[in-house]
Amino acid sequence: MNMREQIEAAAARYPDQRSAIMPALLIAQKEHGHLPGPVLEEVADILGVERVWVYELATFYTLFHTEPVGLFHLQLCDNLSCMLRRSEDLLRHLETVLGIEKGGTTPDGLFTLSTVECLGACEMAPVMQVGDDYHGDLDIARIDALVDRLRAAAGQATGAELAAAGPPGE
């Protein structure tokens with residue numbers, strides 16, 4: 001099923017097409033890797049909703065990316081619970097280990113590093129989301145082990161998967 005068909009099928013589950021915007025954005029992002037302007041417009045056109053409604057959701061929620069991200073998007077919580085448990089130190093460490101600043105992507109396209117306001121997992125603070133997975137009770141050693149596992153996983157990824165993630169900006 002192509003993207004249009006998937007979005008139409010998802011939208012059929014909702015009485016109001018506006019309610020289908022988030023599922024449609026998830027489908028589009030899975031297809032394209034991120035959500036540039038033309039993709040947002042296409043989603044709005046498929047659903048028959050105002051383009052601004054689609055844009056508002058795509059730019060509000062941290063799970064949507066309007067710019068390319070690395071194969072592994074590291075999203076470190078920087079809200080109060082995580083901050084009190086030293087997430088700022090973890091951010092500085094990640095910036096050093098990856099050689100990028102917050103908001104950046106490694107030159108090889110493997111990692112994008114972001115902070116997010118809250119992941120809703122304060123009991124695991126400090127916490128970081130990588131893709132759909134949460135990693136909690138983090139410290140420097142756990143961060144290093146996670147980065148090593150992700151690098152190893154990338155080494156096992158197929159060329160097509162790495163090409164789909166692409167270098168940033170393409």
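Up top is the structure.
Residues numbered from 1 in each chain as written. Predicted model: local features only at pLDDT ≥ 70, side-chain atom pairs only at ≥ 80, totals over all residues. Heavy atoms only, no water.

## Side note on the overall build of the protein chain
Reasoning step 1: The helix and strand inventory of the protein chain stands at 8 helices and 4 strands.
Reasoning step 2: Order of helices (α) and strands (β) in the protein chain, N terminus to C terminus: α-α-α-α-β-α-α-β-β-β-α-α.
Reasoning step 3: A compact globule built from 170 residues should have a C-alpha radius of gyration of about 15 Å, and the protein chain, at 17 Å, falls within 12% of that.
Reasoning step 4: Evaluated residue by residue, the protein chain yields a buried proportion of 40% over its 170 residues.
Reasoning step 5: Sequence-distant contacts, at least 24 apart, represent 60% of the contacts inside the protein chain between residues at least 6 apart.
Reasoning step 6: As presented, the protein chain carries roughly 9500 Å² of accessible surface, and 51% of it is formed by carbon and sulfur atoms.
Reasoning step 7: Averaging the locations of the 12 positively and 26 negatively charged side chains of the protein chain gives two centres separated by 4 Å. (Helix = DSSP H or I, 4+ residues; strand = E, 2+ residues; numbered from the N terminus. Rg over C-alpha atoms; globule rule 2.2 N^0.38 Å. Buried < 20%, exposed > 50% of the residue type's maximum accessible area, 1.4 Å probe, protein only. Contact = heavy atoms within 4.5 Å. Areas by Shrake-Rupley, 256 points an atom, 1.4 Å probe, with all protein chains shown as cover. Lys, Arg positive; Asp, Glu negative; His and termini not counted. Charge placed at Lys NZ, Arg CZ, Asp CG, Glu CD.)

## Here we look at the layout of surface pockets
Reasoning step 1: Within this model, the second largest pocket holds a volume of roughly 180 Å³.
Reasoning step 2: Forming the boundary of the second largest pocket are 16 residues, of which T62, F64, H65, T66 and H73 lie nearest the centre.
Reasoning step 3: Broken down by secondary-structure element, the contributors of at least two residues to the lining of the second largest pocket are α4 (51-60), β1 (72-77) and β2 (111-116).
Reasoning step 4: Residue composition of the lining of the second largest pocket, grouped by class: 7 nonpolar, 8 polar and 1 charged.
Reasoning step 5: Structurally, the lining of the second largest pocket is a two-domain feature, drawing no fewer than three residues from each of domain 1 (3-60) and domain 2 (72-164). (1 Å grid on protein atoms, 1.4 Å probe; cavity = no way out; pocket = protein on both sides within 12 Å on 5 of 7 lines; lining within 4 Å. Points joined across faces, edges and corners; volume = space filled by probe spheres on them. Nonpolar A, V, L, I, M, F, W, Y, C, P; charged D, E, K, R; others polar. Domains from an automatic or database assignment.)

## Notes on unusual backbone geometry
Reasoning step 1: Backbone torsion omega between A125 and P126 reads -10°, so that peptide bond is classified as cis.
Reasoning step 2: Looking at where P126 falls in the secondary structure, it is placed in the loop between β2 and β3 (128-130).
Reasoning step 3: Non-glycine residue R86 carries a positive phi angle of around 80°.
Reasoning step 4: Position of R86 among the secondary structure elements: in the loop between α5 (80-84) and α6 (87-98).
Reasoning step 5: On the basis of relative accessible area, R86 is assigned to the exposed category, the value being 57%.
Reasoning step 6: Even without being a glycine, D137 presents a positive backbone phi close to 50°.

Any link to function would need more than the numbers given here.
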